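Now for the letters of each chain:
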Amino acid sequence: MQHTGRALVFKDYNDLAARIDDDKLAVDQDSVLVLQNAGPLGGPGMPEWGMLPIPRRLLQQGVRDMVRISDARMSGTAYGACVLHVSPESFVGGPLAFVQDGDLIELDVQARKLELHVSDDELDQRRAKWIPDPSRYKRGFGALYAAHVTQADQGCDFDLLQAGADTPEPEIH
């Protein structure tokens, strides 16, 4: 519940799946696993990818939990030290978009603190270099979803369902 470790960043679920069990992965029991681009737009759909697996090499050493951070979600039957639903998500330039391998991350649950130990100047430089991925969908439901879904802290709902005046009941004749 209180931990500081170096970030190990996975750019998306495919990157995670490809590298998590690589024997050459620069990871130890104190690492903080970070999964980017798994939120409402990055997933898309905010899939249940939040319980990042413990690297096999560490499992074989007896490690059973690590701090894991993502803009994804996970099942309520999962377990472990996971910080999820980070919002705004990395796909739209939220805070996880700027985390890099080796950055120190501090978690203190009791103090309700999650801190990336990177200077403001460095974060400003990373933001200035960041280029958002293009929208995946140019038409259809995917385009409608991308244009109107809200972030996790707002419920991943369609903004057009939340805004405006009350909708009157239709007349029934």
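Look a little higher up for the structure.
Residues numbered from 1 in each chain as written. Predicted model: local features only at pLDDT ≥ 70, side-chain atom pairs only at ≥ 80, totals over all residues. Heavy atoms only, no water.

Focus on empty space enclosed by the protein
Put simply, the test is: Definitions used for this entry: grid spacing 1 Å over protein atoms alone; cavity, a set of points where a 1.4 Å probe fits but cannot get out; pocket, an open set with protein on both sides within 12 Å along at least 5 of 7 lines; lining residue, one with an atom within 4 Å of a point. Grid points are joined across faces, edges and corners, and a volume is the space filled by probe spheres set on the points. Any residue outside Ala, Val, Leu, Ile, Met, Phe, Trp, Tyr, Cys, Pro, Asp, Glu, Lys and Arg is labelled polar, Gly included; the first ten of those are nonpolar and the last four are charged.
A complete count under the given rule lists 1 cavity of 30 Å³ or more for this structure. The space that makes up the largest cavity amounts to roughly 60 Å³. Along the walls of the largest cavity sit Leu-41, Pro-44, Phe-91, Ser-135, Arg-136, Tyr-137, Gly-142, Tyr-145 and Ala-146, which together make up its complete lining. Taken together, the residues that form the lining of the largest cavity break down as 6 nonpolar, 2 polar and 1 charged.

So, the packing of aromatic side chains
The test is simple: Between 30 and 60 degrees the pair is tilted, below 30 it is stacked and above 60 it is edge-to-face, where a pair is any two Phe, Tyr or Trp rings, Trp via its six-membered ring, whose centres lie within 6.5 Å. In DSSP terms, a helix is any run of H or I states spanning at least four residues, a strand is any run of E spanning at least two, and both are numbered starting from the N terminus. Note on classification: 1.4 Å probe, protein chains only; a residue is buried when its accessible area is under 20% of the maximum for its type, exposed when over 50%, partly exposed between these limits. The rule for a charge over a ring is simple: NZ of Lys or CZ of Arg within 6 Å of the ring centre, and within 35 degrees of the ring normal.
Considering all chains together, one arrives at 5 aromatic pairs under this definition. Each ring, one from Phe-141 and one from Phe-158, has its centre 6.0 Å from the other, and the planes form 90°; the classification is edge-to-face. With Phe-141 in helix α4 (residues 140-148) and Phe-158 in the loop between α4 and α5 (159-162), the pair connects residues that are 17 residues apart, well separated along the chain. For the ring pair Tyr-145 and Phe-158, a centre distance of 6.1 Å and an interplane angle of 85° mean the geometry is edge-to-face. Note that Tyr-145 is positioned in helix α4 and Phe-158 in the loop between α4 and α5, a separation of 13 residues in sequence. Residue classification places Tyr-145 among the buried positions, given a relative accessible area of 17%. Three or more aromatic residues link up through ring pairs in this structure, and these residues are Phe-141, Tyr-145 and Phe-158. We note Arg-127 situated over the ring of Phe-98; from NZ or CZ to the ring centre the distance is 5.4 Å.

A short note on a nonpolar patch on the surface
Put simply, the rule reads: Patch membership requires over 30% relative accessible area and the absence of a salt bridge. Like charges are linked within 9 Å, and nonpolar side chains (Val, Leu, Ile, Met, Phe, Trp, Tyr) within 5 Å. Values of accessible area rely on a 1.4 Å probe in the Shrake-Rupley scheme; residue burial ignores everything except the protein chains shown. The term salt bridge refers to a side-chain nitrogen of Lys or Arg lying within 4 Å of a carboxyl oxygen of Asp or Glu.
There is a patch of nonpolar side chains on the surface, built from Phe-141, Leu-144, Leu-160 and Leu-161 and spanning about 420 Å² of accessible area. Going through the elements one at a time, α4 and α5 are the ones with two or more residues in the nonpolar patch. Locating Leu-144 in the fold gives a position in helix α4. Leu-144 sits in the partly exposed class, given a relative accessible area of 41%.

Quick look at the sheet that holds strand β5 (residues 104-108)
Applied cut-off: By definition, two strands form a pair when at least two bridges between them are found by DSSP.
With mixed pairing, 6 strands are arranged side by side in an open sheet as β4-β3-β2-β1-β5-β6. In the strand order of this sheet, the two ends are held by β4 (82-83) and β6 (113-117), each with one partner. The sheet contact formed by β5 and β6 spans 5 bridges and is antiparallel. By the bridge assignment for β6, Leu-104 is matched with His-117.

Section: unusual backbone geometry
At the junction of Gly-43 and Pro-44, the peptide bond is cis and its omega measures out at -15° in the coordinates. Tracing the sequence through the fold places Pro-44 in the loop between β2 (32-35) and α2 (56-60). Cis rather than trans, the peptide bond between Ser-87 and Pro-88 has omega equal to -5°. Looking at the secondary structure, you find Pro-88 in the loop between β4 and β5. One non-glycine residue, Asn-37, lies in positive phi territory at about 60°.

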